[in-house]
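# Working through the structure, step by step
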Amino acid sequence: MITFYPGPSKVYPQVANYMQEAFEEGVLSINHRSAECMAITKNAIQLLHEKLNIPPDYSIYFVSSATEAWEIIAQSLTSKSSTHFYNGAFGEKWADYSSKIVKTVDRISFAVEEIPSVNLALNAEVEVLCLTQNETSNGTQIRDLSTFRKTFSESIIAVDVTSSLGGIELDWHNGDVWFASVQKCLGLPAGMGIMICSPKALQKAELINDRKYYNSLLFIQENFAKYQTHYTPNVLSIYLLNKVLSDISNISEISRKIKKQAKDWYNFFNDNDKFGLNCLVQNIDIQSDTVIAVQGTTEQIKAIKERTKISGITLGNGYGTWKNTTFRIANFPAIEAFEISKLKEILY
Ligand SMILES: O=C(O)C(=O)[C@H](O)COP(=O)(O)O
Ligand SMILES: N[C@@H](CCC(=O)O)C(=O)O
């Protein structure tokens, strides 16, 4: 079975052997506060810095999911209000989750074809700015975050890179908190999130001094200072992350490949009349590099999904507003050229 689902998505093929190795090495039974486990965690963190070019002064934590990161930001980094820019289901969900914890949640929604402008929030007092860099539900992205950083230099900027971290190169200095989950561009089984914090984010956490929860950021930080976790982690996941990160190239090389592949996908749908299908978003400045959303009528989408399924290929369903009128193609690094060719052949 070949899958193009944008999460959980295709895992790297070598994961099969690494799982077996983990079992044989006894990793599945080690205590999570043991020296062996701390070494695995330390190595995974070092490799993340190295392969994803994460600045040395940014801290990296393992959490359970990207969803948990939404909550950690609300409880440990927000004293009064967060401001959410979004054009799709996941950005909106983030605002919904925050509103259960944070006193004031400002929502700035924009149209799917629109480039989000900082002007939309110029008059607002922005304490924590929440941006979804890659919106998995509709295949759009905010390509350049630098104007947000310049305009909101005093604010904490939190960036959801759930479906782009590990796929494209990110300019870490444009954000204070970044988070993702491993089942997307990192090509691993679901069940772990990664959170990355700037020194400024940690200073803000100190200021707020939230210590109420098992996953209060300061408590997480205290554990990770010893390469331990605030709960019993999925050690297998950390082990697999280690292994896969050792195998992959630096993100600048991966990013070049993914961007080229994305261009090819957009050209593929633009150049040919594929059963009347077209890209959900036409503006190349906001088309996602890692999730390609393709639009058609409900009947067309249903027929294409059935057709690919017969050939052993799973496409990503549409999501939210676009549930029945789009399908999505993950353009993640673990997906191989022969799989892309096979899908293109079927779509012809
Ligand atoms: O795809 C996204 O974007 C999401 O936000 C994920 O579905 C959330 O992932 P987890 O919280 O389950 O890691
Ligand atoms: N992130 C996945 C699934 C998320 C979910 O169903 O909650 C998607 O975009 O389809």
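Parameters and conventions
- Residues numbered from 1 in each chain as written.
- Chains lettered and ligands numbered in written order.
- Predicted model: local features only at pLDDT ≥ 70, side-chain atom pairs only at ≥ 80, totals over all residues.
- Heavy atoms only, no water.
- Near = heavy atom within 4 Å.
- Polar contact = N/O pair within 3.5 Å; in protein donor to acceptor, adjacent residues only side chain to side chain.
- Areas by Shrake-Rupley, 256 points an atom, 1.4 Å probe, with all protein chains shown as cover.
- Nonpolar A, V, L, I, M, F, W, Y, C, P; charged D, E, K, R; others polar.
- Axes fitted to C-alpha atoms, helices over the stretch in contact; angles between N-to-C directions.
- Helix = DSSP H or I, 4+ residues; strand = E, 2+ residues; numbered from the N terminus.
- Parallel < 35°, antiparallel > 145°, perpendicular 65-115°, else oblique.
- Left-handed = near helix turned anticlockwise from the far one by under 90°.
- Contact = heavy atoms within 4.5 Å.
- pLDDT = per-residue confidence, 0-100.
- Buried < 20%, exposed > 50% of the residue type's maximum accessible area, 1.4 Å probe, protein only.
- Pairing = 2+ DSSP bridges.

### Observations regarding the site of ligand 2
Lining the immediate surroundings of ligand 2 are Tyr5, Gly7, Phe90, Lys93, Thr136, Lys184, Tyr319 and Arg328. Within the contact set of ligand 2, a nitrogen atom lies 2.7 Å away from a side-chain nitrogen or oxygen of Lys184. At 2.7 Å from an oxygen atom of ligand 2 is found a side-chain nitrogen or oxygen belonging to Arg328. Computed on the free molecule, ligand 2 has an accessible area of 300 Å², of which 67% lies beneath the protein chains in the complex. In terms of residue class, the shell around ligand 2 is made up of three nonpolar, two polar and three charged.

### Remarks on the packing of helix H3 (residues 66–76) against helix H4 (residues 89–99)
Between H3 and H4, the least distance of the axes is 9 Å, while the angle of their chain directions is 45 degrees. The orientation of H3 relative to H4 falls into the category oblique. Of the two possible hands of crossing, H3 and H4 adopt the one that is right-handed. Along the contact surface, H3 presents Thr67, Trp70, Glu71, Ile73 and Ala74, while H4 presents Phe90, Lys93, Trp94, Tyr97 and Ser98.

### Concerning the confidence of the model for the protein
Of the residues in the protein, 99% reach a pLDDT of 70 or more, and the chain-wide mean stands at 96. The ipTM assigned to the predicted complex is 0.92, against a pTM of 0.97.

### Considerations on the pairing of strand S9 (residues 177–181)
S9 sits mainly inside the fold: five of its five residues count as buried. Covered by surrounding structure in S9 are Val177, Phe179 and Ser181 together with Trp178 and Ala180, the residues of both alternating faces. Looking at chain direction, strand S8 (residues 156–160) and S9 are connected through three bridges and run parallel. Of the residues in S9, the one forming a bridge with Val159 is Trp178. By the bridge criterion, five bridges tie S9 to strand S10 (residues 193–197) in an arrangement that is antiparallel.

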